[in-house]
Amino acid sequence: MPKVKFVPLNREVEIKNGETLFKAARVNGVPIGSSCRGDCVCGWCKVEVVAGIENLSQPGDCEKKLMKTRDYGKSERVACSARVFGDVSITTGYW
Ligand code: FES
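Engineer: What should I look at first to understand the overall build of the protein chain in this one?
Structural biologist: Counting its secondary structure elements, the protein chain contains 2 helices and 5 strands. Starting at the N terminus, the α and β elements of the protein chain follow one another as β-β-α-β-α-β-β. Relative to the 2.2 N^0.38 estimate, which gives 12 Å for 95 residues, the radius of gyration of the protein chain is 12 Å and therefore close to what a compact globule would have. Along the longest, intermediate and shortest principal axes, the C-alpha atoms of the protein chain span 30 × 25 × 20 Å. Relative to its full complement of 95 residues, the protein chain shows a buried share of 45%. By sequence separation, contacts in the protein chain at least 24 residues apart represent 63% of the contacts at least 6 residues apart. Taking the average location of the 15 positive side-chain charges in the protein chain and that of its 11 negative ones, the two points are 5 Å from each other.

Structure below.
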């Protein structure tokens, strides 16, 4: 099972293969921005991937659109769309 590390919080959790970063945070009580509840609309769930970006799913059309319109950087992903298939470390500016 892949692990997600929430870097500044020094927390690491195991999740189901293919689960989203958003669900990994929510299920484990880690606060994550959202106004659309994970429907790939608001873009507030942006996270920076510190390590393991190659272990995430490729961005789909919805995520690509948000990444473009919300000025995401190369290491940033839409947490409610990015699915985890291996260990990954993430951070945000508000943790
Ligand atoms: S929670 Fe709104 S885009 Fe991810």
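Right, picking up where we left off after that structure.
Engineer: Would you mind going over the packing of aromatic side chains with me for this structure?
Structural biologist: The description of two aromatic rings rests on the distance between their centres and on the angle between their planes. Counted according to the given criterion, the structure contains 2 aromatic pairs. Taken together, a centroid distance of 5.5 Å and an interplanar angle of 85° make the contact between Phe6 and Trp95 edge-to-face. Of the two residues, Phe6 sits in strand S1 (residues 3–6) while Trp95 sits in the segment after strand S5 (88–91), which places them 89 residues apart along the sequence. The residues Phe6 and Trp95 share a single accessibility class, namely buried. Judged by centre distance (6.3 Å) and plane angle (75°), the ring pair of Tyr94 and Trp95 falls under edge-to-face.

Engineer: Would you take a moment to explain the side chain of Ser89 for this structure?
Structural biologist: Counting through the fold element by element, Ser89 comes out in strand S5. Here Ser89 falls in the buried class, since its relative accessible area comes to 16%. Ignoring anything within four residues of it in the chain, the contact list for Ser89 reads Lys5, Val7, Glu48, Val49, Val50 and Ala51.

Engineer: I would appreciate a short explanation of the sheet that holds strand S3 (residues 46–51) in the present structure.
Structural biologist: Pairing between the strands of a sheet comes from backbone hydrogen bonds, and it takes one of two forms, parallel or antiparallel. Strands sit in the order S2-S1-S5-S3-S4 across an open sheet of 5 strands; the sheet is mixed. Two strands bound the open sheet, and with one partner strand each, they are strand S2 (11–14) and strand S4 (76–78). Taking each pair of neighbouring strands and ignoring which way they run, the sheet shows an average axis angle of 35°. Two strands pair when backbone bridges link them, and S3 and S5 are joined in this way by 3 bridges, in the antiparallel orientation. When the bridges of S5 are listed, Ala51 appears paired with Ser89.

Engineer: What's the story with the pairing of S5 in this structure? I'm lost.
Structural biologist: Looking along a regular strand, one sees the side chains alternate between the two faces of the sheet. The two faces of S5 match: Val88 and Ile90 on one face and Ser89 and Thr91 on the other face are all buried. Bridge count between S1 and S5: 3 bridges; the pairing is parallel. Opposite Lys5, over in S5, you have Ser89 as the bridge partner.

Analysis parameters
- Residues numbered from 1 in each chain as written.
- Predicted model: local features only at pLDDT ≥ 70, side-chain atom pairs only at ≥ 80, totals over all residues.
- Heavy atoms only, no water.
- Helix = DSSP H or I, 4+ residues; strand = E, 2+ residues; numbered from the N terminus.
- Rg over C-alpha atoms; globule rule 2.2 N^0.38 Å.
- Buried < 20%, exposed > 50% of the residue type's maximum accessible area, 1.4 Å probe, protein only.
- Contact = heavy atoms within 4.5 Å.
- Lys, Arg positive; Asp, Glu negative; His and termini not counted.
- Charge placed at Lys NZ, Arg CZ, Asp CG, Glu CD.
- Phe/Tyr/Trp six-rings, centres within 6.5 Å; stacked < 30°, edge-to-face > 60°.
- Pairing = 2+ DSSP bridges.
- Axes fitted to C-alpha atoms, helices over the stretch in contact; angles between N-to-C directions.

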